Amino acid sequence: MTVDTQTAPPATKAGARPPKSRRTNVNWNSHPPAWTVPNVAAAVFTAAWIGHKLAISPMLALTAGALGFLGAATAAMIDSRSGAVIAWRAVCWSVPTVWACAALVWSPWHPSVAVAGIVLALALGVLAGAVRKARKVAARIALQKAADGTGMEGGQLAVAPADEVWDAENPSKTKVEALAANWTARIRRVCRIKGAQVVAVAMWDQDTGYTLKVQLPLGGASWKDIRDHAEPLAEDARLAPDCGITVKPSAERRGLAEVQVSHVNKMSETHTVEADYSPQSIYQPIRLFTLPDGAIFRVALKWAWMSISGQTGSGKSSLLHLLTLQLGRCTDTIIWHIDVGGGGGISRPWIAPWHEGRAARPVVDWAATTDAEADLLCRAAIAIIEGRKKHYAGQLDNGKVVCSPEVPHIVIVSDETATLPERVKGLLVRISQTGRAAGVRGATSALRATAGDLPRDIKQHSRVKVAMRVDDPDEIRYMFDGAGKVDPELAPWEGSGWVERQDEDADGKPVGKKHLTPAKADFMPDSMIDEAAVAIAGLRPELDAASAALANSVTASRRAYTDRWERTIPELFVTDNEEIEEPGDPDRARRIAEAEARQQEEYESMGSVEEGMEKLSALKDKILNTDYSQESRVEVDPEAVAELTGALTDSLSAVLAVVDQAGSGGIGPAEILRRVNAGRAEADHITIKTVQRKLGELVEGGMVTNPKRGVYVSAMHQEGQQ
């Protein structure tokens, strides 16, 4: 015979005390249901005896009984109890009330009153037992009725795993009564909320789960009592490892909780962002996340500051690129980046197409990659905040600047905030506190959700909070005050995390309380950034003149805003002779410097292109107009002629040829440099300074036009377009 050691009880000696775990714990502060009637009868008898001695009016007993019945009936109606329950509560209050009135008049010891009290108490006791039994029978019948069609008995339904009740193949065919009964039993069992009742089940359109509406009993039970048992509920329901439960308060009224149960987790899938580059407005919510049920989560950033935390590899950088894309589509918004810790890694791909002449303007209007530039950017933002409302005083809406393409909203996206100096962090806090009415908001990201990385003042002023994948629940609790018990394992994928959301009505207005839910950011591949940067560059507005002047005013020696690219481009891109030395070629930098010096000397000796052409023309006239019949001869130095014509034709003609080949779309200096040097020996390579000088001469001479910053077009092609 085989014995199951996991279920067989251990052998004990005769007379030995049972193990401690098997002892019965008696709670002397509670009584079995059968004691209810004697306890109530004794209390009423004692109160009536004392009242009779004090000559209290029977009207007081009638009033107390009426108020008691009214309260009990109201509670029953709130709980949507049946008429039979209300009638039973009326009997329970009216019988002792009538007896108490008689006892106050004649004394509870009067034979007739005492006998009547004993008979009524016994009758109520018997009736209470019958009612209690009837309730249990009715509950079993209701449970069996809910189980009909599921192939289970009522008792089995109460303890069945949720997957056995939910129809995975055809979720819309799931019997909602069975789900309600299954989860009612589970919530009462796990959360220990006696009287909790699932009163409605709403199946999700995505066929991935459902939402339970739970009615809480009287006595102070809260939706948080269920939220704090979300993980035990998921375990009891035997849900899949990547599926969980989200609990939130009902927007309908207090006393209701909504429990979202996921059977298929859409967060495990990759949701690539659509290549949608159509224009939008900052006044419209932007799409960023997909929720476990497959629903789309949009964020309204016009009035809200956004805080983001996420450890390395969590997908935070991808989220910042996605945020830049969605904000870049707004025709009434400009983006400022603070990218000190990343060395410009977030900003660079959005600026590169413009720097290379492939886009009309950079998607990011200002990129600060140094502490000094970040300080300057923040001070410029504060100057705009302090001066905008005054300048546009006649155009305010409820005291707020109305943002438009003419007066754009400003969003400051700060990456790796922990690396910023404390002064800059303080400026960001000030902007978050004061910038809302002036149309200046931001999104602040940090590696960890801790006070050292993400200033508490910024977090407190952030209406939109995101915690990308983390391992420590304490970081989630820091980011979301009052988050309760949160299981990080419900968002383990790269790009996933937790967001604080609030339901909205049909008009998009927030309703109900905020609640925490897992979410996954839409994925934006790196290959898409360049395409997007070119596509949306033309949508970006220019900063209004008043704000630009305010931003320029923060320094006396330089124009903080207007000259921003002169300071930041060298920090973002390799320019001039900033070539990286390659292994095995330590003299490369020296040779480039020598080439630049030689080309500079040639430029200075030749002068401008007009001066060179005049010299060559004068020499030509002198040669053609000389009378060779005379003995006089024109002394012409062949080397000087070759040097003059070579300087005019070599670099200049090469640059002009490349611009001409680029066609009407134009080309930027960096690409010109690459093409010119591609066909030359290394000793004949020119530098970016030479390209810029030649472009300046060609523009001045009318052979090349500069229709927009960083783009050069051959005059011949420009004329062809007109």
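Up top you'll find the structure we're talking about.
Residues numbered from 1 in each chain as written. Predicted model: local features only at pLDDT ≥ 70, side-chain atom pairs only at ≥ 80, totals over all residues. Heavy atoms only, no water.

1. As for the environment of R430
Within the element layout of this structure, R430 appears in helix α13 (residues 422-434). Judged by relative accessible area, R430 falls into the partly exposed class, the value being 37%. For the pair formed by R430 and D457, sequence separation is 27 residues and the distance between their alpha carbons is 9.2 Å. (Helix = DSSP H or I, 4+ residues; strand = E, 2+ residues; numbered from the N terminus. Buried < 20%, exposed > 50% of the residue type's maximum accessible area, 1.4 Å probe, protein only.)

2. Some remarks on the environment of V440
Relative to the elements of secondary structure, V440 occurs in strand β13 (residues 440-446). Sequence separation between V440 and K302 is 138 residues, and the spatial gap between their C-alpha atoms is 8.6 Å. Excluding residues within four positions of it along the chain, V440 makes contact with I384, I385, H409, I410, I412, I431 and G435. (Contact = heavy atoms within 4.5 Å.)

3. A look at a nonpolar patch on the surface
On the surface, I50, L54, I56 and L60 cluster together to form a nonpolar patch covering roughly 370 Å² of accessible area. The exposure class of L60 is exposed, given its relative accessible area of 51%. (Patch = residues over 30% accessible without salt bridge, like charges linked within 9 Å, V, L, I, M, F, W, Y side chains within 5 Å. Areas by Shrake-Rupley, 256 points an atom, 1.4 Å probe, with all protein chains shown as cover. Salt bridge = Lys/Arg side-chain N within 4 Å of Asp/Glu carboxyl O.)

4. What to know about the sheet that holds strand β15 (residues 496-501)
A sheet is described by the order of its strands in space; here 10 strands give the open sequence β6-β5-β16-β15-β14-β7-β13-β12-β8-β9, paired in mixed fashion. Where the open sheet ends on each side, the last strands, each with one partner, are β6 (296-299) and β9 (364-368). Direction aside, neighbouring strands of the sheet carry axes that sit 30° apart on average. Where strand β5 (residues 286-290) lies against strand β16 (residues 515-521), two bridges are found, and the strand directions are antiparallel. By the bridge assignment, T290 is partnered in β16 with K520. Most of the contacts of helix α10 (residues 316-328) go to β5, to which it runs at about 150°, and overall it touches β5, β7 (305-309), β8 (333-338), β9, β12 (409-414), β13, β14 (462-468) and β16. Strands β8, β9, β12 and β13 of the sheet are contacted by helix α12 (residues 371-391), whose axis makes an angle of about 130° with β9. (Pairing = 2+ DSSP bridges. Axes fitted to C-alpha atoms, helices over the stretch in contact; angles between N-to-C directions.)

5. With respect to the packing of helix α11 (residues 348-355) against helix α18 (residues 564-572)
At a closest axis distance of 12 Å, the pairing of α11 and α18 adopts a crossing angle of 110°. With respect to α18, the element α11 is oriented roughly perpendicular. The handedness of the crossing between α11 and α18 is left-handed. Only W565, I569, E571 and L572 of α18 make contact with α11, whose side of the interface consists of R348, I351, W354 and H355. A per-class count over the contact of α11 with α18 returns five nonpolar, one polar and two charged. (Parallel < 35°, antiparallel > 145°, perpendicular 65-115°, else oblique. Left-handed = near helix turned anticlockwise from the far one by under 90°. Nonpolar A, V, L, I, M, F, W, Y, C, P; charged D, E, K, R; others polar.)

6. What to know about the sheet that holds strand β1 (residues 197-203)
Read from one edge of the open sheet, four strands run β1-β2-β4-β3, paired in antiparallel fashion. Where the open sheet ends on each side, the last strands, each with one partner, are β1 and β3 (245-249). Here the average twist between neighbouring strands, direction ignored, is 20°. Looking at chain direction, strand β2 (residues 209-215) and strand β4 (residues 256-262) are connected through seven bridges and run antiparallel. Opposite Q215, over in β4, you have L256 as the bridge partner. Of the strands in this sheet, β1, β2, β3 and β4 are in contact with helix α7 (residues 176-191), which crosses β1 at around 130°.

7. Remarks on the pairing of β8
On any regular strand, side chains alternate: one points to one face of the sheet, the next to the other face. Among the six residues in β8, six count as buried, and that is most of the element. Of the two faces of β8, the one lined by T333, I335 and H337 and the one lined by I334, W336 and I338 are each fully buried. With six bridges joining them, β8 and β12 adopt parallel strand pairing. When the bridges of β12 are listed, T333 appears paired with H409. Judged from the four bridges that link them, β8 and β9 form a sheet pairing that is parallel. Looking across to β9, one finds that I335 is bridged to V364. The parallel pair β8 and β9 is bridged by α11, and the resulting crossover is right-handed. (Right-handed = clockwise from strand over helix to strand, strands pointing away.)

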